[in-house]
2 protein chains.
Amino acid sequence: MPSRIAFHGGSLGAWQVLSTAVVRGEALAPVSHIEVQPGAAPPTGFVEPRWTLTGLISNLRYATRRELTDLRQRQEGLGRPAARQAALIPIKKSAAWWGLAQDERRAIFEEQSAHTAIGLNYLPAIARQLYHCRDLGEPFDFITWFEYAPNEAPAFEELVGRLRETAEWAYVEREIDLRLVRL
Amino acid sequence: MPSRIAFHGGSLGAWQVLSTAVVRGEALAPVSHIEVQPGAAPPTGFVEPRWTLTGLISNLRYATRRELTDLRQRQEGLGRPAARQAALIPIKKSAAWWGLAQDERRAIFEEQSAHTAIGLNYLPAIARQLYHCRDLGEPFDFITWFEYAPNEAPAFEELVGRLRETAEWAYVEREIDLRLVRL
């Protein structure tokens, strides 16, 4: 069974918020810290978070076996001591995206937008994890999470800049970009 | 946002259970009636259901645009007055299935097993709806629901028989088959 993870935004937490950008759509209430917790348990160490985003690691939706093999050969896990910076980028796609057939979404995602291919260029420096939340009734469809060493921050800017120029991103209707540093 | 639906199994409900077969894996507690309710609200008209299965209509995971067009041209909706019989078949697939890449699952689902193509042969007589529940932490990955007129029952037997012979079904590790009649 897929396991859930909760991102609590508030005034306490293991990650300090360096910046919050509303890339598209409605803002999230500003917070100074993020606490990441596995499961659906109530947050610890808080009086009350201002908001909680919940997601889970689900099966892959677009990657082919060849892409998956490439990713696994090159990627490193979360929690590397040197990867003190992170980005928490929740994303919601439009009804037009979700109404497309699987082959249409795949073609936009990879053949037109090279989503996986772009990300591969930044491995292993930029570690990433995708959490699904659309089917949970959450305000976003995905929570994307990236971890990298401070000297890789320019590479991360390049990565998100390239993704935001793709055909796929025309279907993103809400996106918030929080940059974090581990305390 | 995808909307949820709940199938309550108990001693009251709009559908009477005609038969319950444990096709594979662990049984469900036997019930005499099923009540189908939209949303996550508690059931009405029951003291307490013996079990509740919850799912939601999500985006399509395998169908191409061409398959989707064929389906939409030929299928009819749920709730047709003549379609007094139904089948409620919750299914759980194995970890091996979920560990496959998208192209591998698609190839098994359609190129090897002709899942969509088989179902098309029984449209519009056998109306169908798929509800997703794996990401909800439910005991099954899918709840499949079929509605048909009593004289189409033999055709429905043929349909489920053909699907259970496919390569895709080797990945099904739990399946319960309840046949119902509308009261």
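Here the residue numbering is sequential within each chain, running from 1 through the sequence in written order. Each chain takes a letter, starting from A, and each ligand takes a number, starting from 1, following the order in which they are written. For a predicted model such as this one, the threshold for reporting local features is a pLDDT of at least 70, and the threshold for listing and counting side-chain atom pairs is 80 or more; totals across whole chains, interfaces and linings nevertheless cover every residue. Values reported for side chains reflect all heavy atoms of the structure, with hydrogen atoms and water molecules removed beforehand.

1. A short note on the overall build of chain A
- For the purposes of this entry, the term helix denotes a DSSP run of H or I that reaches at least four residues, the term strand denotes a run of E that reaches at least two, and both are numbered from the N terminus. For chain A, the count of helices and strands is five helices and eight strands.
- Secondary structure of chain A in N-to-C order comes out as β-β-β-β-α-β-α-α-α-β-β-α-β.
- Note that the radius of gyration is over C-alpha atoms, with the globule rule given as 2.2 Å times the number of residues to the power 0.38. On C-alpha atoms alone, chain A measures out to a radius of gyration of 16 Å, which is about the 16 Å that the 2.2 N^0.38 rule sets for 183 residues.
- In terms of principal-axis extent, the alpha carbons of chain A reach across some 45 × 35 × 35 Å.
- Partly exposed residues are those whose accessible area sits between 20% and 50% of the maximum for their type, while under 20% is buried and over 50% is exposed, using a 1.4 Å probe and protein chains only. Residues counted as buried form 52% of the 183 residues belonging to chain A.
- Any two residues whose heavy atoms approach within 4.5 Å are treated as being in contact. In chain A, of all internal contacts separated by at least 6 residues, the share reaching a separation of at least 24 is 78%.

2. With respect to the pattern of salt bridges
- Any Lys or Arg side-chain nitrogen found within 4 Å of a carboxyl oxygen on Asp or Glu counts as a salt bridge. Counted under the stated rule, the structure contains 23 salt bridges over all chains.
- Taking the shortest distance from any N to any O, the salt bridge between Arg164(B) and Asp177(B) comes out at 2.9 Å. Highlighted residues: Arg164(B) in helix α5 (residues 153–164) and Asp177(B) in strand β8 (residues 172–182), separated in sequence by 13 residues.
- Here the salt bridges share partners, and the residues they tie into one network are Glu157(A), Arg164(A), Glu175(A), Asp177(A) and Arg179(A).

3. Section: unusual backbone geometry
Residues and elements named next belong to chain A.
- Each neighbour pair has its own omega, and for Leu 123 with Pro 124 the value is 0°, a cis peptide bond.
- Its place among the elements puts Pro 124 in the loop between α4 (115–120) and β6 (127–132).
- A positive phi angle is found at Ala 114, which is not glycine, with a value near 55°.
- Relative to the helices and strands, Ala 114 resides in the loop between α3 (102–112) and α4.
- When its relative accessible area of 24% is taken as the criterion, Ala 114 is described as partly exposed.

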